[in-house]
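# Secondary and tertiary structure notes
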Amino acid sequence: MKNFQYYNPVRIVFGEGQIKKLSDLVPKEAKVLITYGGGSAERTGTLDEVKTALAANGNRSVFEFGGIEPNPEFTTLLKAADMVNKHGIDFLLAVGGGSVIDGSKFVALVSSLTEDDSTVLRDKAWDALLSGCSTIDTAIDLGVVLTIPATGSEMNNGGVVNHSERQAKLPFRSPLTFPKFSILDPTKTLTLPKRQVMNGVADAFVHVIEQYLTYPVNAKVQDAFAESLLKILVEEGAAVKADPENLETRQNIMWSATMALNGLIGAGVPQDWTTHMIGHELTSLHGIDHARTLTILLPSVMRELKDSKKDKLLQYARNVWALDSKTDTKQDDDSIIETAIVKTENFFRSLGLPVSLADAQLDESAIDPIIKQLEAHNMVKLGEHGNNDLAVSRRILERSL
Ligand code: NZQ
Ligand code: ZN
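Because the structure is a prediction, the values reported are computed rather than measured.

Within the protein, the regular secondary structure consists of 15 helices and eight strands. At 21 Å, the protein has a C-alpha radius of gyration in line with the 21 Å of a compact globule built from 401 residues. When its C-alpha atoms are laid out on the principal axes, the protein stretches across 70 × 45 × 45 Å. Across the protein, the fraction of contacts at a sequence separation of at least 24, relative to all contacts at a separation of at least 6, is 79%.

In terms of nonpolar packing, the biggest core is built from 114 residues, with Val50, Leu92, Leu93, Val95, Ala202 and Val208 touching the most fellow members. Take this core: its biggest share by element is nine residues, from helix H7 (residues 194-210). In this structure, Val50 is in contact with Ile19, Leu22, Ile34, Leu93, Val95 and Val145, ignoring residues within four places of it in sequence.

To continue, consider the environment of Pro72. Here Pro72 lies in the loop between strand S3 (61-65) and helix H4 (74-87). A residue is classified by how many C-beta atoms lie within 10 Å of it, and Pro72, with 27 of them, is buried. With 87 residues separating them along the chain, Pro72 and Gly159 place their C-alpha atoms 9.8 Å apart. Ignoring any residue separated from it by four or fewer positions in sequence, one finds Pro72 in contact with Leu77, Ser99, Asp102, Gly103, Val161 and Asn162.

Turning our attention to the UniProt feature "domain: Alcohol dehydrogenase iron-type/glycerol dehydrogenase GldA" (unreviewed entry) in the protein. The feature "domain: Alcohol dehydrogenase iron-type/glycerol dehydrogenase GldA" (unreviewed entry), as annotated in UniProt, sits at residues 9-186 in this numbering. Annotated as 31% helix and 24% strand, the span residues 9-186 places its first and last C-alpha atoms 22 Å apart.

Here the focus is the sheet that holds S3. Taken together, the six strands give an open sheet; going across it, the order is S1-S8-S5-S4-S2-S3, and neighbouring strands pair in parallel fashion. Two strands in the sheet have a free side with no partner beyond their single neighbour: strand S1 (11-14) and S3. Between one strand axis and the next, the sheet turns through 20° on average, direction left out of account. Inspection of the sheet shows S1 paired to strand S8 (residues 181-184) by four bridges, in the parallel sense. Paired with Phe14 across the strands is Leu184, a residue of S8. Against the sheet, helix H3 (residues 46-56) engages strand S2 (31-36), S3, strand S4 (91-96) and strand S5 (141-146), with an angle of about 150° to S4. This element, helix H5 (residues 98-110), spans S2, S4 and S5 of the sheet and lies at about 165° to S4.

Conventions we followed
Residue numbers restart at each chain and count upward from 1, following the sequence in its written direction. To label them, take the chains in the order written and letter them from A, then take the ligands in the order written and number them from 1. Predicted model: local features are reported for residues with pLDDT of at least 70 only, side-chain atom pairs are reported and counted for 80 or more only, and whole-chain, interface and lining totals are derived from all residues. For the purposes of this entry, the term helix denotes a DSSP run of H or I that reaches at least four residues, the term strand denotes a run of E that reaches at least two, and both are numbered from the N terminus. We take the radius of gyration over the C-alpha atoms and set the globule estimate at 2.2 Å times the residue count to the 0.38 power. Each residue is represented by a C-beta atom placed from its backbone, and any two residues with such atoms within 7 Å are regarded as in contact. To count as a nonpolar core, a set of buried Ala, Val, Leu, Ile, Met, Phe, Trp, Tyr and Cys residues must be joined through C-beta atoms within 7 Å. Buried means a residue has 20 or more other C-beta atoms within 10 Å of its own C-beta, exposed means 12 or fewer, and partly exposed covers the counts in between; C-beta atoms are placed from the backbone. UniProt positions are given in the numbering used here, feature names are shortened, and annotations may be inferred rather than shown by experiment. For two strands to be treated as a pair, DSSP must find at least two bridges joining them. Each axis is a line fitted through C-alpha atoms, and for a helix only the stretch in contact is used; angles between axes span 0 to 180 degrees, taken between their N-to-C directions.

What follows is the structure, encoded as structure tokens:
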């Protein structure tokens, strides 16, 4: 195992009816800006529930900023940051999924980037994003009401922001953007469209894979947690498809997705975020949902990198899919690995998710522009060994056709 520090200060408040706890969790004199997405929070009544809780106990001023898009847009977020400065907001409350939470983390950071008239400076904010926001040393406090289990953003300090005009979707991270708390009420996920439920299961699955499928470092705790999460997601993916109203299934999906990317299983182990980094380019060029970019690419990443990942792929086959070359004399290592990859594809397909570029109506003409964008964003040394250059990414994309 590698040396590591593990720090996660996010208070999780889990369960049905917990939104009312906002009355204790948000400072009583705060000037709060509630941030939300394209309307689901209003439609489902969650926004009203949040406002009622904030009014219940204390003397808060409450403002609202709606319209944060899936794959949150840089220009929209700057408008929210201007609102923060205009009203002297000192607490952001994100009500939504990864897009609203990530967007709010970015707002929390960039609202400090002003000069005289308190308007956030676009160039400065863009430069900050290019450097992953590492240059910003102050941020507004943030709380979360999670409405879609998928990204883990509710319990980590990272985010991803999209800039459509520049065709760039870029990650950032800051020690200042851990939420103060996140409320996880699984009943809130019952209003999700099926597509978003399945996207969430797949995104969480791939988060686990990217912290697991590298090379062994004898990290038994991390590996066993990771394998359990993968098995639970496979099981609960099928369960939610068969019985979408089952609250226990929703509870398990919600907590699995949070645990998948809160730093715990990634501590002390090598990681490989190749699938995510190529996936971001697919979203920014073609508007494909984040999780769907991952299910398109992951099988090809596994096949292309199967030699360098051989030990972990065999472990994955054995511990997640119950395949074993030692006991199955008919299959050698290569065919065991291929069977595990096919099982992974079938799992994604069973959730209605694409597993090839063709499934997303793309052909080989899509590849050159993706490679160009990877180069422009300096994604030229991906993977646990930094060996995945543009030629490897091209081969991954070709395998995905
Ligand atoms: O916008 P509204 O109207 O709210 O609708 C949303 C949106 O259309 C809808 N929705 C959310 N909760 C709902 C609901 N509809 C009905 N009932 C509810 N309870 O779902 C749609 C998708 O929402 P979004 O927030 O975009 O989904 P998700 O949580 O999958 O977030 C995706 C974003 O997170 C980033 C992705 O790149 C993408 O931009 N990621 C963030 C990460 C992180 N911070 O650690 C890691 C991930 O790998 C990922 O990159
Ligand atoms: Zn993801």
